[in-house]
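# Notes for the structure review
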Amino acid sequence: MSQEIFAKLTNSLVDGDPDATFEATKEALAAGIEPMVIIKEGLIPGMNIVGEKFSSGEYFLPDLIIAADGMQKAMTLLEPELLKRQQAIESAGTVLLGTVKGDIHEIGKSLVGTMLTANGFKVHDLGVDVPTETFVTKVQEMKPDILGLSALLTTTMVMQREVIKALTEAGIRDKVKVIVGGAPVTRSWAEEIGADGYAEDAMGAVQLARQLVGK
Amino acid sequence: MAKDLFTVHLQPIGRRIQIRKDQTILDAAQLAGVEINSVCGGVGICESCRIRLSKGTLSELTLDEENSFSEDEIRQGYRLACQAYPLSDVIIDIPPESLSTPQRLQLESQQKAEEIDPIVKRYFIEIYPPSIEDLRSDLSRIRGALTPSVGSFEVDYSVLQKLPWHVRSCNWHVQPIFHQSKLIQLLPATPHSRILGLAVDIGTTKVAAYLVDLESGDTIAQAGSMNPQIAFGEDVISRISYLINHPEQRKEPAKNLLHQRIIEGLNKLIDKMLSDINDPTISYENIVDAVIVGNTAMHHLFAGIPVEQLGISPYVPAVSEPLYIPAKELGLSIAPSALIYLPPNIAGYVGADHVAMLLPTIYPYYSDSSKRQSNVMAIDIGTNTEISLLHHQKITSCSCASGPAFEGAHIQFGMRAAPGAIEKVQITSEKKVLYKTIADQDPVGISGSGILDAIAEMYFADLIDSKGMFLNNHPNMSIQGRNTEFILVPAEKSGHPQEIVLTRRDVNEIQLAKGAIRAGINILLSEAGLKPEDLEAFIIAGAFGTYIDVRSAMKIGMFPFIPLEKCHQVGNAAGAGARQMLLSKRYRQVASELAEQVNYIELSNHPKFPDEFSKSLFFPAKELAN
């Protein structure tokens, strides 16, 4: 029975049918399956298949976006249940994420967040248009392993440099690994501004995060 | 090991090609079927193949090149295509003057204006020359002759600068020309003389200009060109970045290179139109009014207003109200005291061009009491796609970041609508691929409308599935992971020694672009509580929108399925709106009224956007097409 539901969850993500993912998650909860198990046995395997197909060139960005949408829909049902049970999602590391000040692009950053979540990271998403000072105080407060900075415009990517500068000035630059991404961002830009890593896409971000936390 | 093959991106055509390091940029252009002028045959003496390096590294300057360019040009990256070899992947800008075949520009919509009441008026007067009994000044004489019809009026200083010459050279028969109650020009009162207005639509990519007879309403000349600012970036954001990264250009916004280039570009178009008219009685002095429309960034750059704030959220314009700027302030070659009218902007990404576009599209429904309850949607597709919805007599607008894919960028064989571009594709029931190119030349690439057709046809011929995955059931199909592609034109039939293919990656680009547009349409409809079938009219404006097959756009889900008789492809509506404002001052008020009452929805952080966008990425069920 539960195997069937897990297969439904996995396939709905791979087939790109977010509504089916949502329904299957409901069904799984109704059948009394623990939310943590639903994530581990149903959702993560699905996201992993999508990720592999993306890396091999079979899937493209639309497939990834739609799978992430399904995953997010499922999490809206699962997160309250996890809270009720006071269960935290087991974590491969914590990542603080946000789009820099002056930039309100959401999708790329959220996609990275979902892929990291699906791969066992605990993700705090600060949203978009995040002031530089907020990144600094949140790093001080939450002590994440990784800080991810997204910028989608050539006019706003300069803010990634500002955040790194502000971390240095606050004396906490060595306390967190900073990774940068977004359409105009390149590896050489990441090096120029002294980031710890750059990834071209959401799957690359997962690998990078794994490397940086040494797992 | 050094790389032997480099990719050359040719902008603004949007073609890219791989060449060896011993091949020149001119070779690259020729291989790609892009016709760059090369009068001397590539030996570096005619200087007709000027290009500009936008990104990457080229071989060192040759002596010929050092002689061909000023220091300033060399700093800006100017080179001769026949002398430069790539040392890395490069992006090359080809200035319009170096292209030997013009790209197809959109200059239609010549319909005659129905309402003629321009803000500029002229009078014919004959004044008595001064004599020993009548010592009044020249101006007092003119005032005296005009008092019965005009009353008191202001005189522009520049008119005074030539006043005594003018009245004497035409033997005291003059035509004073007024902008409302200001005397802005004095022309000789020759019979049949005409007064003209200039209407311009400054697009991010293309510029269209018209000269209109202000009394008959006829468009007597028109001209188009690429926007010369393209050398500083393909889209608005990269041009703003250019200014942010070049502080020396920011010291005086009215003198920055982008501003200068667009003024120079417009002056060239004016010259061209005047020489096409070829009438000795008409000179730039006869152009006594102008309406210029463009998106907010084009508007600010034209007016010499800083644009940096438009590159950063919340994207606020410096000014959104309508402006009148004297032509002499901007150096535009029309009558120096003519007042250039810039209609109001709506928001950072919805500019005066969209306001102009609303006049011939939405406004007829808005103003007609019998159509008061109409639901009408108007869409202008470009790098930014603006959409407006009329519902309950209110207009809601949004802007979608659809990207440059429809202009041919990021598409392997994509190109703008120029000769040799495939613009129509059909796949027969025997799965034979048919196509038509612009100017019926040998195919060299695919235009935006051709790409839409190709994807729709491939989807309905079961060559791709609803997710955009390529299916292995055609001899032209090659499925190899990231390099999956479908051959549209075999090498032996194409205009260059390569086959023309559509790749999985190309389809992906279009999915993202059309997904953004459809998400915008869906959000406007759902905010109004409407369904696509509630629309009385669906109006498609703009260059790309004119040439597309609307059914193809529906088949891939870019537009909802709407009966074709409700869809109207209207051409350059922004240009048509600019001409309406030129010919009728009432339309200027209407523009202000519309801009004032438009409710603008920001999509990039709209709560429904991620969901609507992801829903719009795949292709819709085929049954819907019936």
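Residues numbered from 1 in each chain as written. Chains lettered and ligands numbered in written order. Predicted model: local features only at pLDDT ≥ 70, side-chain atom pairs only at ≥ 80, totals over all residues. Heavy atoms only, no water.

Across its full length, chain B carries 19 helices and 28 strands. The C-alpha radius of gyration computed for chain B amounts to 27 Å, which stays within 12% of the reference 25 Å derived for 626 residues, consistent with globular compactness. Its C-alpha atoms give chain B principal-axis dimensions of roughly 95 × 70 × 45 Å. Residues counted as buried form 60% of the 626 residues belonging to chain B. Taking the intrachain contacts of chain B between residues at least 6 apart in sequence as the baseline, contacts between residues at least 24 apart amount to 67%. Averaging the locations of the 56 positively and 72 negatively charged side chains of chain B gives two centres separated by 2 Å. (Helix = DSSP H or I, 4+ residues; strand = E, 2+ residues; numbered from the N terminus. Rg over C-alpha atoms; globule rule 2.2 N^0.38 Å. Buried < 20%, exposed > 50% of the residue type's maximum accessible area, 1.4 Å probe, protein only. Contact = heavy atoms within 4.5 Å. Lys, Arg positive; Asp, Glu negative; His and termini not counted. Charge placed at Lys NZ, Arg CZ, Asp CG, Glu CD.)

Here we come to the domain arrangement of chain A. Residues and elements named next belong to chain A. When its domains are assigned, chain A resolves into domain 1 (2-84) and domain 2 (94-213). The partner domain 2 presents 10 residues to the 12 residues of domain 1 that form the contact. Buried surface at the junction of domain 1 and domain 2, both sides included, amounts to about 920 Å², of which 78% is carbon and sulfur. For the domain 1 face of the interface with domain 2, the top three residues by lost area are Met 47, Phe 54 and Leu 64, together amounting to 34%. At the junction of domain 1 and domain 2, the tally comes to 0 salt bridges. On the surface where domain 1 and domain 2 come into contact, there are 1 residue pair in polar contact (both at pLDDT 80 or more). For the side of domain 1 that touches domain 2, the elements supplying multiple residues, two or more each, are helix H3 (35-56) and helix H4 (61-84). (Domains from an automatic or database assignment. Buried area = accessible area lost by both parts, 1.4 Å probe. Salt bridge = Lys/Arg side-chain N within 4 Å of Asp/Glu carboxyl O. Polar contact = N/O pair within 3.5 Å; in protein donor to acceptor, adjacent residues only side chain to side chain.)

When two helices pack together, their arrangement is captured by the angle between the axes and the distance separating the axes. For the pair H4(A) and helix H14 (residues 504-527) of chain B, the least separation of the axes is 9 Å and the interaxial angle reads 50°. In this view, H4(A) runs oblique relative to H14(B), as classed from their interaxial angle. Taken together, the residues of H14(B) that come into contact with H4(A) (itself represented by Leu61(A), Pro62(A), Asp63(A) and Ile65(A)) are Arg504(B), Asn508(B), Gln511(B) and Leu512(B). Along the lines of polarity and charge, the residues of the contact of H4(A) with H14(B) split into 4 nonpolar, 2 polar and 2 charged. (Axes fitted to C-alpha atoms, helices over the stretch in contact; angles between N-to-C directions. Parallel < 35°, antiparallel > 145°, perpendicular 65-115°, else oblique. Nonpolar A, V, L, I, M, F, W, Y, C, P; charged D, E, K, R; others polar.)

All names here are of chain B. Taken as a whole and judged by the stated rule, the model has 0 disulfides over all chains. Free of any disulfide, Cys 82 has its nearest neighbouring cysteine sulfur in Cys 49, separated by 3.8 Å. You can see Cys 567 has no disulfide; the closest cysteine sulfur is in Cys 400, sitting 17 Å from it. (Disulfide = S-S within 2.5 Å.)

Take the interface of chain A and chain B next. At the junction of the two partners, chain A supplies 28 residues and chain B supplies 28 residues. Both sides of the chain A and chain B interface together cover about 2300 Å² of buried area, and 63% of this is carbon and sulfur. Looking only at chain A, the three residues that lose the most surface to chain B are Phe60(A), Ile104(A) and Thr155(A), adding up to 28% of its buried area. Where chain A meets chain B, there are 2 salt bridges. Between Asp611(B) and Lys73(A) there is a salt bridge; the shortest N-O distance is 2.8 Å. Counting the contacts that link chain A with chain B gives 10 residue pairs in polar contact (both at pLDDT 80 or more).

Domain assignment breaks chain B into domain 1 (5-98), domain 2 (125-188), domain 3 (196-352), domain 4 (354-402 + 514-621) and domain 5 (405-510). Between domain 3 of chain B and domain 5 of chain B, the C-alpha centre-to-centre distance is 36 Å.

On to the pairing of strand S19 (residues 394-400) of chain B. Residues and elements named next belong to chain B. Judged by how many residues are buried, S19 sits mostly within the fold: 6 of 7 residues are covered. Two strands pair when backbone bridges link them, and strand S18 (residues 385-391) and S19 are joined in this way by 7 bridges, in the antiparallel orientation. Bridging from a neighbouring strand, Glu 386 pairs with Ser 399 of S19. Taken together, S18 and the strand that follows it, S19, pair antiparallel across an intervening segment of 2 residues, in which His 392 is found at a positive phi of about 50°. In this sheet, strand S28 (residues 599-601) lies alongside S19 in parallel orientation, the contact comprising 3 bridges. Of the residues in S28, the one forming a bridge with Cys 398 is Ile 601. (Pairing = 2+ DSSP bridges.)

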